[in-house]
Amino acid sequence: MAPAAGMPAVLPFRDEDATIRPARLIEDAELRAHPVPAAAPFDAPVAFLDGTQRTELLGYFGSAPLALAEARAAVRERVDGLFTTVVRERQVYLVGRRAALAEFGGEPDGVEALELPEGPLHPLRDLAEIRRAVDRVRGNLELAAADAFRRQRGGWLILDGSLSGSPTLAEDPRAIGIVKSHSTLPFDGADLERYLRLPPAHRTSVFEPTPGFRPVLAWALRLWPWEGRDLFHGLVRVEVAAVNGSPERADDISRALLAERLPVSGGPQWDRLLYGTHTVQQFLRAE
Amino acid sequence: MTETPVTRHPIGRVVATELKPSTPHQFYFWTARESAVGIGAIVCVSAGGRTVYGVVTDGSAYSDLPTPMMDVLGADGDPASPPAPSARSEIRLYLASVLRQEPAEPLQPVPIGPVHLATDEDVALALRMEGYTVGERATGIPVGVYAAGGLESPVSLDCDFLLGPEAAHLNISGVSGLATKTSAVEFLLTSIFQTFPAHKGSVAAVCFNVKGPDLCFLDQPAELAAADRGLYDRMGLAAEPFRDVRYFAPFRPDGVNLNTLRTNEALAESTEPLVWGLREVLDFAEVVMNKDDVDAKADAFIDFLAERVVGREFYDPSLRGKAFQVQSFADLDEFFRAIFDFMEALGKGGEVWRTHHVATIRKVRNRLSNISTRSKGLVTDDGGVNDLPWGSFRDRSVQVIDVAGLDPLAQDLVFARVVSKLREHLERRDLGVDHVVVFVDELNKYAPADGPDTYVRKMLLDLSERGRYLGLVLFSAQQFRSQVQRRVVGNAGTSVFGRMDMDELATPQYATLSPATKIKLATLPKGELMLRHPHFTQPIFVRFPRPAVMTGREGVERFPPAVELPFAEAVARQLRSLDRRVSADAVRLAVDGRREDDVRRALAATRRSRPDDPFAYFISVLGKRVVAEPAPTQRRGVRAVAAPEDPYGP
């Protein structure tokens, strides 16, 4: 195995394609901005879920990279303002082509093998595959953590990401997905402009982001004023199960999410990262 | 030493980073937000075969808020904005200074491990008390309890380091008005008297009462709260006042009323006058003269007086035909007058008497006569003396000398003479006890950091540097340690601090204390102290009970001082302190019309002799009344002796 110094800087990690995926409006005939009533926190315990991943390139067998990847996920529940970790999940994988895994000589205890698809070998493409594979592992781990939480508790669960990846979560009446990334936008043209110029403490009309795929409904919510900063500043997409898709429920959930702006989480994504999610990330980094 | 049992619930965990590493002398640990840890708490870390005891000296807390601006943004600039639904993650990070490591060698950084609050056993080990509080020859003196996290662990000082010979002396600092300094010393003396081990010999105390009635009721019990009694029980001490206390106070200028607030008749029996004569004062003439006065010439003349004149028969035909018997200031003044008369008679050239210049003689005379004026009541003109029981000090006895009403010069005189006499007797091993604790409040007055190098200051320095070899121990107190001669307080093996003034804490002497410890000192409640002792590698906070003796204020309320009595009644009271049967009317009749000096002299003689029948003795010394006879109005002429023939006559 030829030793590696680290992930090559040229690798386009998480470089998701910027796309427009048209959504279907559920509320209103055309996209509108609805003012959200005054912020009011959830009146029940709330839990936050997030996951992290870490990949270390061990080296190359021939030209094939082999990486050690660790994915973690946790749920922290807030009671009386204080957080307690109620679910924690961890998986460690050796990731590479079958030949590289075989040449490495087997997995250490507690480590599983994750094979990359075969095909013409290009080290950078393989590294991108490793990244995608670990992304999937983390995503699955988050879903496992959500399931574990739901088996224990019935309260609100706020995830950092989309609900549409899981049929269970997509129908969970107490699950909320907060999507911070806007690489996929649900509208174009004048609707897109209204979408991106949403005033602070407003939400858009409710829409169905992935028609025909999962029964998830969504709306955009502006957490912080964006003028003078950026169109995306403080803008999140809120995803809920269809049962929560009525305008009244959208208002109630939006009010609670506006309350979750505080305390400010800090860091580069402070305008969209809820503090509860931030504490999960802190926990996962520290563990 | 065993590792901390794993069943104990840890209250924190040691953390070490590159910026905040563990070292052999300190470590950081975090705790839960609701932990009982505070500044001064003793904790222990047990990991990797090593047990480390530490005392918390600083603490900090911070949240994950990256910048204060984020909080402003979150609140939209409005401090009254509603609270957030989530409490920020917060850390309570403490810094502990190492008290002890086991094993002691090799000395290593504190290991990463769980942190526990100390138990009674841990406290004893952390403070190295197991070396002197157990066994047949234990030398522990309880000084208070370490109180933290619901624990009340007795803390003891080592009497080898408190009363000598290894180290000695105790100094206490603290702001006035909280009664902490006096109370602490009273409690500690109680503890010493009850626990000073027999194999160390006997011990007594001499306390100078320098203000108000502070120490005037050490023999009277206090009403203690249950919590205080509990502390006594915890330390194995009896909550009772001192059993053997004698009070000494000078007279007021009238020579019969005592100059003290302990004049209630119910307490008269244990209150005695402190009266000195010329001899007692002359040996300490240096005390009452400033440095400029005591030049070599004055010193030589004082020596001459002490060695040749005072208390001896001095004959010089040039002064007068009969010998001088100088016993009192009055006799001394007569002696000086004779010298001046002689020198004046000589006229020009009469400036030197026996090699002493007239100016020197005049200066010494002025200074010495000034003593009897400024110390009137302490120094008698008639030679009568009533002094401390030199040579017969009793084990566990307290002598209180009330100098509160004296002129500062007289206070210096009392202090210098008493300490010097203690030293003399301890050197000769004939005081009656092996150790004497001398308690002096307002040390800054007697040994100031600045100012002239006085006799008293030099004496205190000598006491602090060499007293421990003799068993002469100084317990001193002052408001501001920085205002006391550095070497005097520096020689105190044990230092105690009550509530401190922040300005004082800002002086360099306190530079080794952490800011948190300083804040704790500045806000220390009554009854709590910070201790430095040779066995404790870090300052320790302890709580002590209220002393079991009446405070000065309570004492004055319970035993109101008698009003200053007319001369005859004051004499009667003095006699009644010797024999309660003495009738005031009888005394009044006896002294009526007599010269006050004669009465005082008779009273002093009675006190000195302590006869079986004091009144009869007093009357006998006073002598029969002499009825004055009118002088003849006309002198009878005396016939001239018949003159022989005058050879020189005309």
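Here the residue numbers are simple positions, counted from 1 along each chain's written sequence. Labels are handed out in written order, letters beginning with A for the chains and numbers beginning with 1 for the ligands. Local features in this predicted model are restricted to residues whose pLDDT is 70 or higher, and side-chain atom pairs enter the listing and the counts only when it is 80 or higher, whereas totals over whole chains, interfaces and linings include all residues.

## Regarding the overall build of chain B
The line we're drawing: Under the scheme used here, helices are H or I runs from DSSP no shorter than 4 residues and strands are E runs no shorter than 2 residues, and both carry numbers assigned from the N terminus. With C-beta atoms placed from the backbone, a residue is buried if 20 or more other C-beta atoms are within 10 Å of its own, exposed if 12 or fewer are, and partly exposed between those counts. Residues are treated as contacting if the C-beta atoms built from their backbones sit within 7 Å of each other.
Looking only at helices and strands, chain B has 21 helices and 22 strands in total. Dimensions of chain B, computed from C-alpha atoms along their principal axes, come out at roughly 130 × 60 × 60 Å. Classification of the 650 residues of chain B by burial places 44% in the buried group. For chain B, long-range pairs separated by at least 24 residues make up 75% of all intrachain contacts whose partners lie at least 6 apart in sequence.

## Comments concerning the overall build of chain A
Test applied: The globule rule is 2.2 Å times the number of residues to the power 0.38, and the radius of gyration it is compared with is taken over C-alpha atoms.
Within chain A, the regular secondary structure consists of six helices and 15 strands. Taking 2.2 N^0.38 as the reference for a compact globule, 287 residues should give roughly 19 Å; the C-alpha atoms of chain A span a radius of gyration of 20 Å, in line with that estimate. By its C-alpha atoms, chain A is 60 × 45 × 35 Å across when sized along the principal axes. Residues counted as buried form 43% of the 287 residues belonging to chain A. Considering only residue pairs separated by 6 or more positions, chain A has 64% of its internal contacts joining residues 24 or more positions apart.

## Structural notes on the environment of Met-129 of chain B
Residues and elements named next belong to chain B. Among the secondary structure elements, Met-129 is positioned in the loop between helix H2 (120-126) and strand E7 (140-148). For Met-129, a count of 22 C-beta atoms within 10 Å corresponds to the buried category. When the C-alpha atoms of Met-129 and His-535 are compared, they prove to be 7.7 Å apart, with 406 residues separating the residues in sequence. Excluding residues within four positions of it along the chain, Met-129 makes contact with Ala-124, Gly-140 and Ser-156.

## Digging into the packing of helix H18 (residues 567-578) of chain B against helix H20 (residues 596-609) of chain B
Residue and element names in this part refer to chain B. Cut-off, in case you're wondering: Axes here mean lines fitted to C-alpha atoms, for a helix over just the part in contact, with angles spanning 0 to 180 degrees between N-to-C directions. Our angle categories are set so that under 35 degrees counts as roughly parallel, over 145 as roughly antiparallel, 65 to 115 as roughly perpendicular, and the remainder as oblique. Any residue that is not Ala, Val, Leu, Ile, Met, Phe, Trp, Tyr, Cys, Pro, Asp, Glu, Lys or Arg is counted as polar, Gly included; the first ten are nonpolar and the last four charged.
Where H18 meets H20, the closest approach of the two axes is 11 Å, and the angle between their N-to-C directions is 10°. One finds that H18 runs roughly parallel with respect to H20. For the pair H18 and H20, the contacting residues are Phe-567, Val-571, Gln-574, Leu-575 and Leu-578 in the first and Glu-596, Val-599, Leu-603, Thr-606 and Arg-607 in the second. Here the residues of the contact of H18 with H20 are counted per class, giving six nonpolar, two polar and two charged.

## Describing the pairing of strand E3 (residues 42-47) of chain B
Residues and elements named next belong to chain B. Stated formally: When DSSP finds at least two bridges between two strands, those strands are taken to pair.
By the criterion of burial, E3 is predominantly enclosed, with five of the six residues buried. Strand direction decides the pairing type here: E3 and strand E4 (residues 50-63), joined by six bridges, are antiparallel. If you follow Ser-46 over to E4, its bridge partner there is Thr-51. In textbook terms, the turn of a hairpin is the stretch between consecutive antiparallel strands, and for E3 and E4 this stretch comprises two residues, one of which, Gly-48, has a positive phi near 60°.

Note that every value here comes from positions in space, so none of it alone points to a role or purpose.
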